[in-house]
Amino acid sequence: MNNSLVFIDEAFLSKLSKYFGSGKYIKFDRIVFAKNIADKEKMICLRAFLYTAPPYQSEPPTKEEERRKKGYDKFIRNISKNETITIREGRCQRLKIDEEIIYKQKYVDVLLTIDLMRTPLKFPSIKRIILVSSDSDFIPAIEALEEFNIKVILYTYYEKNRNTNFSRSNQLIKAVYKYILLTEEDLKNAPLEKNEENI
């Protein structure tokens, strides 16, 4: 079997786990998940890359912010023990728009794009990449990788109604070599070990 790299947009995957879990996050092992989807493509996951950002912290942080940060730090600490995964962190920005507070990740997509484009240099034998995302911002990188004969397999999720949290990007679908819709079973088939279930 050929080797592959798996690039995971954690914000997308986390949102999907909450959706599949009917409002409650499904707890699953990201590394096992990456290996499983590579195996479905008859490939070996040589390395997984996870793109995320720590939760926003005020100065001083609220108790809820402290709780979220503690959970995040534990998640990162546990997953970082595995040498086959690289964690790339941006930051979380708080914005006030029309009296509404929203939170946005910064630099995460940029980091993922940079790593995609580094593939031909750092992993010259790789000819297939798996991208777990739904973000059309990655289209230029996907198209540029074609010049190096590297094809991107997209694992995503969408619904037919455009007004949902998971609308389809036709441009992204057209840009990739092929795409596969993720299912609830893809997450549940990567269970955490018992000593990690409280992450």
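Look above for the structure.
Residues numbered from 1 in each chain as written. Predicted model: local features only at pLDDT ≥ 70, side-chain atom pairs only at ≥ 80, totals over all residues. Heavy atoms only, no water.

**Student:** Whenever I open this one, the packing of aromatic side chains confuses me. Can you help?
**Tutor:** Two measures describe an aromatic ring pair: the distance that separates the ring centres and the angle between the ring planes. By the definition in use, this model includes 11 aromatic pairs. Here Phe7 and Phe49 contribute two aromatic rings whose centre-to-centre distance is 4.8 Å and whose plane-to-plane angle is 5°, an arrangement assigned as stacked. Separated by 42 residues along the polypeptide, Phe7 in strand S1 (residues 2-9) and Phe49 in strand S2 (residues 43-52) bring together distant segments of the chain. The buried category is assigned to Phe49, whose relative accessible area is 8%. Taking the centre distance of 5.2 Å and the plane angle of 55° together, the rings of Tyr19 and Phe166 count as tilted. Of this pair, Tyr19 sits in helix H1 (residues 10-20) while Phe166 is found in the loop between strand S7 (151-156) and helix H6 (170-175), placing the two residues 147 residues apart along the sequence. (Phe/Tyr/Trp six-rings, centres within 6.5 Å; stacked < 30°, edge-to-face > 60°. Helix = DSSP H or I, 4+ residues; strand = E, 2+ residues; numbered from the N terminus. Buried < 20%, exposed > 50% of the residue type's maximum accessible area, 1.4 Å probe, protein only.)

**Student:** Would you explain the environment of Gln171 in this entry?
**Tutor:** Mapping Gln171 onto the fold places it in helix H6. Expressed as a C-alpha distance, the spacing of Gln171 and Phe20, which sit 151 residues apart in the sequence, is 25 Å.

**Student:** Quick question: what am I supposed to make of a nonpolar patch on the surface here?
**Tutor:** Nonpolar side chains collect at one region of the surface, where Tyr107, Val110 and Ile114 lie side by side and expose about 280 Å² of accessible area between them. Within the fold, Tyr107 resides in the loop between strand S5 (100-106) and helix H4 (108-122). (Patch = residues over 30% accessible without salt bridge, like charges linked within 9 Å, V, L, I, M, F, W, Y side chains within 5 Å. Areas by Shrake-Rupley, 256 points an atom, 1.4 Å probe, with all protein chains shown as cover. Salt bridge = Lys/Arg side-chain N within 4 Å of Asp/Glu carboxyl O.)

**Student:** When you look at the environment of Asn3 in this model, what are you seeing that I'm missing?
**Tutor:** By the element assignment, Asn3 lies in strand S1. For Asn3, a relative accessible area of 32% corresponds to the partly exposed category. Along the chain, Asn3 and Leu46 lie 43 residues apart, while their C-alpha atoms are 5.6 Å from each other. Apart from residues lying up to four places away in sequence, Asn3 is in contact with Met43, Ile44, Leu46, Ile126 and Arg128. (Contact = heavy atoms within 4.5 Å.)

**Student:** Help me understand the side chain of Ser4 in this model?
**Tutor:** With respect to the helices and strands, Ser4 occurs in strand S1. Beyond its immediate sequence surroundings of up to four residues, Ser4 is in contact with Met43, Ile44, Cys45, Leu46, Arg47, Ile126, Arg128, Ile129 and Ile130.

**Student:** Just checking my understanding: could you explain unusual backbone geometry for this structure?
**Tutor:** When glycine is set aside, most residues are seen to have a negative phi, and most peptide bonds are trans. Here Glu59 and Pro60 are connected by a cis peptide whose omega angle stands at 0°. You can see Pro60 is positioned in the loop between S2 and helix H3 (63-79). Not every positive phi belongs to a glycine, and Ser22 is a case in point at roughly 55°. Mapped onto the elements of the fold, Ser22 is located in the loop between H1 and helix H2 (30-40). A relative accessible area of 70% means that Ser22 is categorised as exposed. Even without being a glycine, Lys42 presents a positive backbone phi close to 60°. Along the polypeptide, Lys42 turns up in the loop between H2 and S2. By relative accessible area, which is 62% here, Lys42 ends up exposed.

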